[in-house]
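# Coordinates in review
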Amino acid sequence: MGVVKDAKIARKCAKKLLAKLGREPTQAEIAKAVEKKKAKKGKAAPDAAAHGDATPTAAAPPPASASGAAYLAEHAVACTRDGAPAAAVEPVVAFAGAAALFGGDVAARLGAAFAAPTPVQAVAWPAACGGGDVVALAKTGSGKTLAYLLPAFRAAAAAPAGSLAVVVLAPTRELAIQIGADAAAWGGRMETVVVYGGADRRGQQRELRAKRPSCVVATPGRLKDFVDDRSLDLAAVACVVLDEADRMLDMGFEPQLAAIVDAMDGGADVERQTLFFSATWPAGVRKLASKYARGAAGPPLVVSIGGALGDGDGSGLRANAAIGQSFFKLDDSEKDEQLAKLIDGMADSDRMICFTNTKRRVDYLAKSLWADGFGASAIHGGRSQAEREEALRKFKTNEWPLMFATDVAARGLDLPDVSVVVNFDMPRDVEQYVHRIGRTGRAGKSGRSVTFWNPAYDTECAGALAKIARDAGQPVPDWLDAVAAKGKAGKNWAV
C-alpha cells in the first residue's frame, strides 16, 4: 500500500478517534487503528485504464545525482520540509525521462511541443510522482500548469473507475478556464469539466451530470455549491491541486477550501495527494499547507525554484531578472501624456497591459484609446464573462494589442508575448507589483515594465521598488533612491 493511501486512512482514523476519545489521539493509537482497518478491508487493484496509460506506484523520488545537483544549483532550486533542508530530488531535465513517469506517448507529445522541461516541471514531476504532498513555488510563466496536471492525471489511476479523480482549484474564472483547456488537451481519455461563478449554474450542473467527469477544474465557491447540492461527490478524489494558493487565501476562500477538503475526507478509502502551486510562500499559505497537506507521510516537500523562498521564509519577493524596470515620477495629470508616449513608441508586434486600481479608470482609458484608433480592451470584475473572454482572445491574437485591466489580470492568465507592462496606478502591495510586472518576461523571454510613481501618495512604496529593481539587476533612479532613504515603508510594502 502506498504512502499516500496510508496517509488518507490515517486522517480518517484520527478523525474518528478524536470523536470517540474526546482528545487528540496518540500516534500509536492512530497506527493501531490504521492496521486494524487495513486488515479488515481488502483493497481492489486500481483501474489504471480508466484514467491513463501509466500505472502509478508511490515511491520516494530518487536523490539528486552530481549532474542533477548541478542543474538544481543552476536554477536556484531549494528543497525543504517543515522548514528544514530536505534531500534534493533527481530532476527530469529531458522529456525522455518523463516517459517513465507519464508514458511514452505523453513524453513524445511534450518533446514535440517544447524544447525541454522548465525547472519547476523538472523538479515537481519526480517529487509529485513519489506520492507525497508537494508545495511548488515558482514565478509566473514558469510552466506550473503541466507541472501539476501530469502528476495529477497519473495519481488518478488510484481512483475507482468512473469516479471524480482529480480536482483543481483556481482563484479566478479566467484561470480556471485556461487550466481546463490544458487539462482537456493533456488528459487523454479523462473527461474534464470547468465550473466557476458568474456563469449559468444550471448549465454547469447539467454538464457535470451528463459527462460524469474524471477531472473538475473549479473556483472554490462554485465547487462548494455543487458539493452542497450533491451534484458532485468528492469521496474518491485521488489528487487535489491548489493553484495560486496564496491568491485564494487573499481572496477569502479559506472557509470554502476547508469545506471542500472536509468533503473529501468523509468518503471512501482512496489515496489523495495534495499539490500546492504558488508564486509566494507567505505565513498564511504555510499555515494552509500544514493544515491540509500533512498526513501520515508527514509535512509536504516544499520545492522553491529561482529563489522563490526569498530570504528563507517566503516573505522576500523577487522580480524576474529578464524584466527591465523603469520608473516615472508623475502626478495624475501627467500620466495620460506619458502613457501616450509609450504607446506611440510601440512596434506593430508589441502588446501592452496597463494596470489601474479602479474599474472606472480601466473603462476610461480603454475607451479613450479606442477613440484614437487603437485596438484596446478592458478587463475587470464588472465585465461579463463573455466580454472578458472576448477581450482575452482579441489580445492574444494581437487584434487588440492594448489591454487595460485591474488586478484580475495580474496573475495566472496565460498571456504570451506581452512586451510592456504599465503600472498606471501603484498596486496595493509589493506582492502585487511583482505579479503585475510578471505578465511580461515569460517563458524565457525578456520584457519591460514601466511604473508611474506619484509623489503625493506613493512614497511608502519607494524603498520596496528600489530594492526589487536593484535585486533584479535593474538601475534605480536617483530620485527614487533619495525618497527610499528618507521615507518609511508602509505595512504592505515591507521587504
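Quantities reported herein were computed from a predicted structural model and do not represent experimental measurements.

Another point: the overall build of the protein. Counting secondary structure elements, the protein contains 19 helices and 15 strands. Taking all 495 residues of the protein together, 54% fall into the buried category. Total accessible area on the protein is roughly 21100 Å²; 53% of this is exposed by carbon and sulfur atoms.

Where helix α12 (residues 254-265) contacts helix α13 (residues 283-292), the two axes come as close as 12 Å, and the packing angle between them is 15 degrees. Our classification of the angle between α12 and α13 gives roughly parallel. The crossing of α12 and α13 is right-handed. Side by side, α12 and α13 meet where E254, L257, A258 and V261 of the first sit next to L288, K291 and Y292 of the second. Of the residues contributing to the contact of α12 with α13, the split by class is 5 nonpolar, no polar and 2 charged.

Okay, the packing of aromatic side chains next. Enumeration over the complete set of coordinates arrives at 7 aromatic pairs. Both rings, one in F102 and one in W125, keep their centres 5.4 Å apart while their planes meet at 80 degrees; by these two values the pair is edge-to-face. With F102 in helix α4 (residues 99-102) and W125 in helix α6 (residues 119-129), this residue pair connects regions lying 23 residues apart in the sequence. For F102, a relative accessible area of 5% puts it in the buried group. With centroids separated by 6.4 Å and ring planes inclined at 85 degrees, the aromatic side chains of F328 and F452 adopt a geometry described as edge-to-face. Within this pair, whereas F328 is found in strand β10 (residues 323-329), its partner F452 is found in strand β15 (residues 447-453), the two being separated by 124 residues in sequence. We classify F328 as partly exposed; its relative accessible area is 27%.

For helix α3 (residues 66-74), the full list of buried residues reads G68, Y71 and L72. Looking straight down α3, one finds that the buried residues subtend no more than 100 degrees of arc, so they occupy a single side. Facing away from the buried side of α3 by more than 90 degrees, the exposed set consists of A66, S67, A73 and E74. Two residues or fewer past α3, A76 is found with a positive phi of approximately 50 degrees.

Attention now goes to the environment of D363. The topology assignment puts D363 in helix α15 (residues 359-371). Residues in contact with D363, not counting those within four places in the same chain, are A378, H380 and R383. A distance of 3.0 Å separates the side chain of D363 from the side chain of H380, its partner in a polar contact.

What tends to happen in soluble globular proteins is that the nonpolar side chains get buried as a cluster. With 56 residues, the main nonpolar core has L110, W125 and V166 as its most contacted residues. With 33 residues, the next largest nonpolar core counts L208, A218, L223 and F226 among its residues.

What counts and how
- Residues numbered from 1 in each chain as written.
- Predicted model: local features only at pLDDT ≥ 70, side-chain atom pairs only at ≥ 80, totals over all residues.
- Heavy atoms only, no water.
- Helix = DSSP H or I, 4+ residues; strand = E, 2+ residues; numbered from the N terminus.
- Buried < 20%, exposed > 50% of the residue type's maximum accessible area, 1.4 Å probe, protein only.
- Areas by Shrake-Rupley, 256 points an atom, 1.4 Å probe, with all protein chains shown as cover.
- Axes fitted to C-alpha atoms, helices over the stretch in contact; angles between N-to-C directions.
- Parallel < 35°, antiparallel > 145°, perpendicular 65-115°, else oblique.
- Left-handed = near helix turned anticlockwise from the far one by under 90°.
- Contact = heavy atoms within 4.5 Å.
- Nonpolar A, V, L, I, M, F, W, Y, C, P; charged D, E, K, R; others polar.
- Phe/Tyr/Trp six-rings, centres within 6.5 Å; stacked < 30°, edge-to-face > 60°.
- Arc of directions from axis to C-beta.
- Polar contact = N/O pair within 3.5 Å; in protein donor to acceptor, adjacent residues only side chain to side chain.
- Core = buried A, V, L, I, M, F, W, Y, C linked by side-chain atoms within 4.5 Å.

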